[in-house]
Amino acid sequence: MGIRYEEVTKEAGKLLDEVQIKYFPELKNAKIIMLFDLKKRSSGGRVVLGRIMKTNDLLRHLTKNEAEAVEGYDYIVTLDKQGWNAMGNDDKVRLLRHELRHTYYDIESESNPYKLIDHSITDFYEEVELNKDDPRWRERLATVVGDIYEQQKEERRQEKNKKRKKKG
Ligand SMILES: [Zn+2]
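### Quick word on the packing of aromatic side chains
- Taken as a whole and assessed by the stated rule, the structure comprises 2 aromatic pairs.
- Residues Tyr 75 and Tyr 114 carry aromatic rings whose centres are separated by 5.9 Å and whose planes lie at 75° to one another, so their mutual orientation is edge-to-face. Of this pair, Tyr 75 sits in strand β6 (residues 75–80) while Tyr 114 is found in strand β8 (residues 114–116), placing the two residues 39 residues apart along the sequence. The same class applies to Tyr 75 as to Tyr 114, namely buried.
- A ring pair is formed by Tyr 105 and Tyr 114, whose centres lie 5.3 Å apart and whose planes are at 55°; its orientation type is tilted.
- You can call Tyr 105 partly exposed: its relative accessible area is 33%.
- The buried category is assigned to Tyr 114, whose relative accessible area is 8%.

So, in structure tokens, the structure goes:
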């Protein structure tokens, strides 16, 4: 079994910082770790391009010594690596903004103010305005990335058949 997750590129980290600063000032002090997911994940028959999760106490403890995250990370964002590599810069921003839109800063909570919320619709109301040039961006990207995975599957199948023929 291989390792499923991989560190993201510097470019991805930089883009997250930019999105965080520009659109989510309340997350100024939140520690977010981003990872590439090397395996395809589907939901409702569609490729999942990104996910955001809250860390739990155990994860916070395990990541507490990492640079700049003395108390561990508050959120984990995973990105489909194939998808990320196939996306243009504008779509990358859309995706990161969508994932961060799931965060909710609870001022009332002293122990752990970083929470998660679900979509208001299939996207978030705030995002509808920002994505009005391409309201179906998620379907569009999921289709592109789904096709990439299908193509790779087909290539693997053909490769196997070639090997089989050689043996026979
Ligand atoms: Zn979402």
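### Digging into empty space enclosed by the protein
- Counted by the stated rule, this structure contains 1 cavity of 30 Å³ or more.
- Counted as a void, the largest cavity has a volume near 50 Å³.
- For the lining of the largest cavity, the secondary-structure elements that each account for two or more residues are β5 (50–54) and β6.
- A total of 3 residues in the lining of the largest cavity trace back to one element, the largest contributor, which is β6.
- A per-class count over the lining of the largest cavity returns 3 nonpolar, 2 polar and 5 charged.

### A short note on helix α1 (residues 10–23)
- Given a rise of 1.5 Å per residue, 14 residues ought to cover 20 Å, and the 20 Å separating the end C-alpha atoms of α1 matches this to within 8%.
- Of all the residues in α1, the buried ones are Ala 12, Leu 15, Leu 16, Val 19 and Gln 20. The arc that holds every buried residue of α1, seen down its axis, measures 135°, which confines them to one face. Away from its buried face, by an angle of more than 90 degrees, α1 presents the exposed residues Lys 10, Lys 14, Ile 21 and Lys 22.
- Buried residues belonging to α1 abut β2 (32–37), α3 (81–86) and α4 (89–101).

### Points about the layout of surface pockets
- Empty space within the second largest pocket amounts to approximately 350 Å³.
- Surrounding the second largest pocket, 18 residues form its lining, Val 48, Gly 50, Arg 51, Glu 99 and Arg 138 being those nearest its centre.
- Within the residue set of the lining of the second largest pocket, elements represented by two or more residues are β3 (42–43), β4 (46–47), β5, α4 and α6 (137–167).
- Of the residues forming the lining of the second largest pocket, the biggest block, 4 residues, is contributed by β5.

### A closer look at the coordination of the zinc ion
- The zinc ion binds to the protein through His 98 (NE2), His 102 (NE2) and His 119 (NE2), with metal-donor distances spanning 2.0 to 2.1 Å.
- Each donor residue of the zinc ion belongs to the same chain, and together they define the spacing H-x3-H-x16-H. Taken together, the positions of His 98 in helix α4 and His 119 in the loop between β8 and α5 (125–130) put the pair 21 residues apart, joining distant regions of the chain.
- Exposure remark for His 119: the relative accessible area of 27% places this residue in the partly exposed category.

Cut-offs and rules
Residues numbered from 1 in each chain as written. Predicted model: local features only at pLDDT ≥ 70, side-chain atom pairs only at ≥ 80, totals over all residues. Heavy atoms only, no water. Phe/Tyr/Trp six-rings, centres within 6.5 Å; stacked < 30°, edge-to-face > 60°. Helix = DSSP H or I, 4+ residues; strand = E, 2+ residues; numbered from the N terminus. Buried < 20%, exposed > 50% of the residue type's maximum accessible area, 1.4 Å probe, protein only. 1 Å grid on protein atoms, 1.4 Å probe; cavity = no way out; pocket = protein on both sides within 12 Å on 5 of 7 lines; lining within 4 Å. Points joined across faces, edges and corners; volume = space filled by probe spheres on them. Nonpolar A, V, L, I, M, F, W, Y, C, P; charged D, E, K, R; others polar. Expected span 1.5 Å × (residues − 1). Arc of directions from axis to C-beta. Contact = heavy atoms within 4.5 Å. Donors = N, O, S within 2.8 Å, 3.2 Å for Na, K, Ca; no water.

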